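Here's the letter readout for the chains.
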Amino acid sequence: MSGDTLLEVDDLRVTFPTRTGLVQAVRGVSFSLGRERLGIVGESGSGKSQTGRAIMGLTPPQAQVSARKLAFDDIDLLSISPRQRRSLRGNRIAMILQDPKYSLDPVMTIGRQIVETLRTHEKVSKAEARERALAMLQAVQIRDPARVFDLYPHEVSGGMGQRAMIAMMLITGPELMIADEPTSALDVTVQLDVLKILDKLVAERGMGLIFISHDLRLVSSFCDRVVVMYAGKVVEQIKASELRDAQHPYTRGLLNCMPRIGFERHPLPVLDRKPEWAA
Amino acid sequence: MSAEIIQSRREWLLSDRPASRLQARLGRAYVTWRRFSANRLALIGLLIIIALLVVAALADVLAPYSPTIGDLKNARLLPPGAAHWFGTDDLGRDIYSRIVYGSRWTLYVVILVAVIAAPIGLLVGTVAGYAGGWTDAILMRITDIFLAFPKLVLALAFVAALGPGIENAVLAIAITSWPPYARIARAETLTVRNSDYIKAVQLMGASPFRIVLRHIMPLCVSSLIVRVTLDMAGIILTAAGLGFLGLGAQPPLPEWGAMIASGRRFILDQWWVAAAPGAAILIVSLGFNLLGDGLRDALDPRSGDQ
Amino acid sequence: MSVAENQAAAGGGSARAVAILSALGRFLVIAVTTYLGLLAVTFFIGRVIPIDPVLAVLGDRAPVAVVERTRREMGLDLPLIEQFYIYVKSALNGDFGTSVLTTNPVMSDIRRVFPATIELATLGTIIGAVIGVPLGVLAAVKRGSLIDQIVRIIGLIGYSVPIFWLGLLGLVLFYAKLQWVAFPARLDVVYEYTFTPITGFYLLDAAMQGQWDVFYDAFRHIILPAALLGYFALAYISRMTRSFMLNELAQEYIVAARAKGLSETRIIWGHALRNAAVPMVTVIALSYASLLEGSVLTETVFSWPGIGLYITNSLQNADMNAVLGGTIIIGSVFIGINLLSDLLYRVLDPRTKAG
């Protein structure tokens, strides 16, 4: 682990009441994070997104979140007031969502949305906020920041939108970034660009990153460490470089799904799902 | 023992492998009913409408006095009391009896309007949707034109030309209320027009007329019923409005809107003459609104929160 | 991304111009056919349904010579299509014939009474929107709570109650019993002679002339019918606001706004409502149009000298020219608002600007 501990998660549980009873989406997840890049991998419904949202404090109001410990920089996230929680969000902990088409407010210009994050957390003048937003747009490699500043989200491409999203979330200089499938909705051609920008900024600023994805290959090439989740539980924690030696059959299954150049595989492998892994 | 029978009956209804068409249909109806009856307000609405039907059917039994002949000498404008529950009007007629009989006219209006307007809308919508092209464009333009008109004012002008009377009021309301049904029927038609089973019927050589009548129209009925139920309240209110303006039912018919109009002259001193029929209108249209909301939610769970 | 979107994003100026032109063309076709439809229907009502349109216009007590002259004047000896052409032409010129009741041209009568209706409907819509929008927002935010139920029931009753009946009860309570409001009219008789309106909107005129006693009196007269109309607008507006807000609050950008650390107030009013505002404009415009229409019943109850009362008075006297003229005017404004709200929707939503 590199550096001090930024986030500590111990026995995190997220429970939803439904008509048929309680459903646990996250069932006792534990991990800790320093200023490093941690990948959380799992199929849809594995609880990876709810884990990220529980850390942010963005689970739906009917959901119950409990944990033996959920601490960010030694602040107990579950015991502080909603107001204190809010002052952390977007300020010290930020989050990037999947699809900029839906996660940017469609009737507000990109510039205003970036400025809004900044002015929520810092007392800065309008002019200064604009300057910093433009600089931030430059930092996410948008060529013509002044023009993009005044555009509405629908007027830019998906890749540009996601860069704007990153700019919006990074402008306050957070220490922890949770990226929930940040490139899954983008064209394959721009996915890598956006990832590179994210990687560079995270490295430059010495942030901790939680990268949530269903794509094990992407995560393994991009992160230092990988947490594999299945049915709300962590089935394996492993260094990305040691992924080849993964023990758990589910992780192995995920790895085997990856096509490799030069190997033709018939029939395609099917993921094995054993009920006892979820137990 | 009986609990077991009920249990097995439920299983039969909820079976995901129905053995017959009847079982499948009953099963679907049962699921819809369970969803509907879970909604308390919808049940209240259903109860109100059932009560309306019962009152209309049993008016002769329920009404203690004649709805049209009053006791001018002794019973003019009496306040509510033991002899006359809702009081009497200026002609000495028992208001409670008039309201009981008035339920028949309310039913008469809503049923007649539905029977005239819904088939017109259904025909226009299915033909437009199935034919497509210019037919569709022209029919829908006409529909939209009617949809853009102010309904009450147009109905007013119609009755003004046709002459006052409850039949003409019904006609005027029907003429102005078919466009939404046409829109719904067209939308439903478009979703099934290119489906395989319609293709199959076409291949078997069925005429377009037969396809529309036998294979498309039946599919539009359930969403049409929901919409008609939701519109009932509006129809009752428009009819009452026309009655209030003296264009609908004519005296001495005990139509609720006309009763409010006749009570208007005494409103400041004998408020009950106008109060009771208005409350009756409110309750019945509320019933239709609650029922319609409940039906929509039960038949289309997606729109549950709208 | 579709091809069209790509072109728009690339700033294809000509593609955008074509899109705007075709939208404008469609709008014009809709506007023209709808107005022609309205005129066709009123023509049908006035000339085709009555067995003798002359009698319908003059009443059955007119002398024979007058009947004959009017028949020729109305062009009833011409073929129907030609009659319709003349009808459309004169209607476009604002010529709806003469009112039998007032002996004035119908158009000048309507010009005199219309401001009263506009004033009433405008105040009603303002009341409905100012109360209805926050109620709808509250109901959506506190979904399933007591306040949500209350808003729902207020709305349901608004959909179910006969407006004229509620008006009568309101008069009994607020005028006769509590004496909070003035009797049914626009102004006290005292002021009818001392006050000279400029625009025809009495509240505005009185305020502009600084005659605050007149303003107060006009307010006491208008508030009850306006509140009544406002209640109907509120029922519709709060229900639609709730529905739009629920839709917006479920969107991803709301999650993003929370992730930014914004306060709930800011998220609800600054983001969700701003997005809901675009369809809300249409809803408010439509409820304004329906209040204009509803004025027919409200004005009758409150003796409010607007176009609604004008139509119903003419009805009672079988004054068909006046009835149809009033119908066309209300219909035209109604259709106009419908069309405008559609246009406004496009202008307000930045997403549709691109084409």
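Residues numbered from 1 in each chain as written. Chains lettered and ligands numbered in written order. Predicted model: local features only at pLDDT ≥ 70, side-chain atom pairs only at ≥ 80, totals over all residues. Heavy atoms only, no water.

**Here's the deal with the UniProt feature "transmembrane region" (unreviewed entry) in chain B**
Residue and element names in this part refer to chain B. Keep this limit in mind: UniProt positions are given in the numbering used here, feature names are shortened, and annotations may be inferred rather than shown by experiment. Secondary structure elements are defined from DSSP: runs of H or I of at least 4 residues count as helices, runs of E of at least 2 residues count as strands, and each element is numbered from the N terminus.
Per the UniProt entry, the sites bearing "transmembrane region" (unreviewed entry) are residues 41-63, 105-131, 152-177, 225-250 and 270-292 in this numbering. What you have in residues 41-63 is 91% helix and 0% strand, and the ends, taken at the C-alpha atoms, are 29 Å apart. The span residues 152-177 is 88% helical and 0% strand by assignment, and the distance between its end C-alpha atoms comes to 10 Å.

**Points about the domain arrangement of chain C**
All names here are of chain C. Threshold: Just so you know, the domain bounds were taken from an automatic or database domain assignment. Whether two residues are in contact is decided by their heavy atoms: any pair within 4.5 Å suffices. As used here, buried area is the combined drop in accessible area, with a 1.4 Å probe, of two parts when they are placed together.
By domain assignment, chain C separates into domain 1 (3-93) and domain 2 (106-353). On a C-alpha basis, the centroid separation for the pair domain 1 and domain 2 is 28 Å. Domain 1 puts 13 residues into the contact, and the matching count from domain 2 is 12 residues. Taking both sides of the interface into account, the surface hidden between domain 1 and domain 2 amounts to around 1,300 Å²; carbon and sulfur atoms contribute 77%.

**Quick look at the UniProt feature "domain: ABC transmembrane type-1" (unreviewed entry) in chain C**
As recorded in UniProt, the feature "domain: ABC transmembrane type-1" (unreviewed entry) lies at residues 114-341 of chain C. The span residues 114-341 of chain C shows a helical share of 82% and a strand share of 0%, and its end C-alpha atoms are spaced 21 Å apart.

**Observations concerning the sheet that holds strand β3 (residues 37-41) of chain A**
Residue and element names in this part refer to chain A. Our working rule: Strand pairing is defined by DSSP finding a minimum of two bridges between the two strands. Working convention: axes come from line fits to C-alpha atoms, limited for helices to the stretch in contact. Angles between N-to-C directions cover 0 to 180 degrees.
Spatially, the six strands line up as an open sheet ordered β7-β8-β9-β3-β10-β11, and their pairing is mixed. In this open sheet, the two strands that pair with only one neighbour each are β7 (93-96) and β11 (233-239). Taken over all neighbouring pairs, the strand axes of this sheet differ in orientation by 20° on average, direction set aside. Pairing of strand β10 (residues 225-230) with β11, which is carried by six bridges, proceeds in the antiparallel orientation. In the sheet register, V228 faces β11, and the bridge partner there is E236. Lying over the sheet, helix α7 (residues 158-170) contacts β7 and β8 (176-180), oriented at roughly 170° with respect to β7. Sitting on the sheet, helix α10 (residues 249-256) touches β3, β10 and β11, and the angle it makes with β10 is about 105°.

**What about the environment of C:Y191?**
Secondary-structure assignment places C:Y191 in helix α9 (residues 189-194). Distance from C:Y191 to C:V214, taken between C-alpha atoms, is 6.9 Å for residues 23 residues apart in sequence.

**Notes on the interface of chain C and chain B**
To keep it simple, the criterion reads: A pair is scored as a salt bridge if a Lys or Arg side-chain nitrogen falls within 4 Å of a carboxyl oxygen belonging to Asp or Glu. For this classification, the nonpolar set comprises Ala, Val, Leu, Ile, Met, Phe, Trp, Tyr, Cys and Pro, the charged set comprises Asp, Glu, Lys and Arg, and every other residue, Gly included, is treated as polar.
Between chain C and chain B, the contact holds 48 residues from the first and 42 residues from the second. The tally of links between chain C and chain B comes to two salt bridges. Here C:R152 and B:D293 are joined by a salt bridge, their closest N and O atoms 3.9 Å apart. Elements with a contribution of two residues or more to the side of chain C that touches chain B: α2 (13-48), α7 (146-160), α8 (163-177), α11 (212-249), α13 (264-301), α14 (307-316) and α15 (320-348) of chain C. For the side of chain C that touches chain B, the class distribution of residues is 32 nonpolar, 11 polar and five charged.

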